[in-house]
Amino acid sequence: MKLKKALIVFLFLPFVGSLPSFGQHLAISNNLLFDAAGILSAGVEMPLSKKTSLEAYGGLRPWKRKETSVHKSWMVQTQYRIWPCQVMNGFFIGPYAHFSQFNFGNTDLCFGLLKGLKPNRYEGWLAGGGIGIGYEYALAKHWNLGADLGVGYTYIDYKKYDCEVCGTLKDNDDYHYVGISKLGLSLIYVF
């Protein structure tokens, strides 16, 4: 548990303190891909300078799909963004870090992660980071549409149980994933 708390502090500590305010922007966002997966999500982005910003994002899936399967999770993610032209408009690139806890059983994940989920239940946490790129397109005075993609490394620590909702512990292991670890299509409101 101490490791999990330390990871959460690690994700947010560099950004705590008095941050200068540049421009008129503060943005809130919602990842439409998370919505399609049944995950409640929200993000906040604020400029740090004329060409940099910081995004903090979270997602929560607190319910079961049905009695025979479980798909619960929560996650947080931060990204430092560098904007070559104008903050919160156009192309951006920057590093990101993420942390999550999960409980999956009798279900499949995107990108083939943890193949063989259907006959078992997996409970654990993950942490990682990478480099992301994206683009924000202004739809109207206060509305943007953003798309982003990130590639990185994720360490996954999990316990494997016999069946999808109950069972005895079969394994306690870890998994090292390298690949797409950030994907978004977001509707953004800019203040």
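Small disclaimer: the values here were computed from a predicted structure and weren't measured.

1. Some points on the packing of aromatic side chains
And then number 1: Overall, the coordinates contain 9 aromatic pairs when judged by the stated rule.
And then number 2: For the pair Trp 143 and Tyr 189, a centre-to-centre distance of 5.0 Å together with 75° between the ring planes defines the contact as edge-to-face. Residue Trp 143 is located in strand 7 (residues 143-161), and its partner Tyr 189 is located in strand 8 (residues 169-190); the two are separated by 46 residues in the primary sequence.
And then number 3: In this structure Trp 143 comes out as partly exposed when scored by relative accessible area, which is 39%.
And then number 4: Overall, the relative accessible area of 26% leaves Tyr 189 in the partly exposed class.
And then number 5: Three or more aromatic residues joined by ring pairs make a cluster, and in this case those are Trp 74, Phe 99, Trp 125 and Tyr 155.

2. What about the sheet that holds strand 5 (residues 90-105)?
And then number 1: An order of 1-2-3-4-5-6-7-8 is seen for the 8 strands of this closed barrel, with the pairing classed as antiparallel. For this sheet the average axis-to-axis angle between neighbouring strands, irrespective of direction, equals 20°.
And then number 2: Two strands pair when backbone bridges link them, and strand 3 (residues 52-61) and strand 4 (residues 70-82) are joined in this way by 10 bridges, in the antiparallel orientation. Pairing of Tyr 57 across the sheet is with Gln 77, part of strand 4.

3. Points about the pattern of salt bridges
And then number 1: Scanning all chains against the criterion turns up 5 salt bridges.
And then number 2: For Glu 55, the salt bridge is made with Arg 81, and the minimal N-O distance between the two is 3.0 Å. Here Glu 55 is found in strand 3, whereas its partner Arg 81 is found in strand 4, with 26 residues between them in sequence. Here Glu 55 matches Arg 81 in class, with each residue buried.
And then number 3: Ionic pairing is found between Glu 136 and Arg 81, a salt bridge with its closest N-O pair at 3.4 Å. With Glu 136 in strand 6 (residues 121-138) and Arg 81 in strand 4, the pair connects residues that are 55 residues apart, well separated along the chain.
And then number 4: Residue Glu 136 is classed as buried on the basis of its relative accessible area of 2%.
And then number 5: Taking the relative accessible area as the measure of exposure, Arg 81 reaches 3% and is therefore buried.
And then number 6: Within this structure, Glu 45, Glu 55, Arg 81 and Glu 136 form a network of salt bridges that share partners.

4. Observations concerning the confidence of the model for the protein chain
Predicted coordinates in areas of low pLDDT are best not read in detail.
And then number 1: When pLDDT is averaged across the protein chain, the result is 84; 77% of the residues are at 70 or more.
And then number 2: Strand 1 (residues 27-31) holds the highest mean pLDDT among the elements of the protein chain, 96, whereas helix 1 (residues 2-12) holds the lowest, 51.
And then number 3: Ignoring residues within four places in sequence, the model shows residues 13-21, a span with pLDDT below 50, making 6 contacts including any to other chains.

5. Notes on the environment of Leu 48
And then number 1: Examined against the element boundaries, Leu 48 turns out to sit in the loop between strand 2 (40-47) and strand 3.
And then number 2: Along the backbone, Leu 48 and Arg 81 are 33 residues apart, and their C-alpha atoms lie at a distance of 9.4 Å.

The rules behind the values
- Residues numbered from 1 in each chain as written.
- Predicted model: local features only at pLDDT ≥ 70, side-chain atom pairs only at ≥ 80, totals over all residues.
- Heavy atoms only, no water.
- Phe/Tyr/Trp six-rings, centres within 6.5 Å; stacked < 30°, edge-to-face > 60°.
- Helix = DSSP H or I, 4+ residues; strand = E, 2+ residues; numbered from the N terminus.
- Buried < 20%, exposed > 50% of the residue type's maximum accessible area, 1.4 Å probe, protein only.
- Pairing = 2+ DSSP bridges.
- Axes fitted to C-alpha atoms, helices over the stretch in contact; angles between N-to-C directions.
- Salt bridge = Lys/Arg side-chain N within 4 Å of Asp/Glu carboxyl O.
- pLDDT = per-residue confidence, 0-100.
- Contact = heavy atoms within 4.5 Å.

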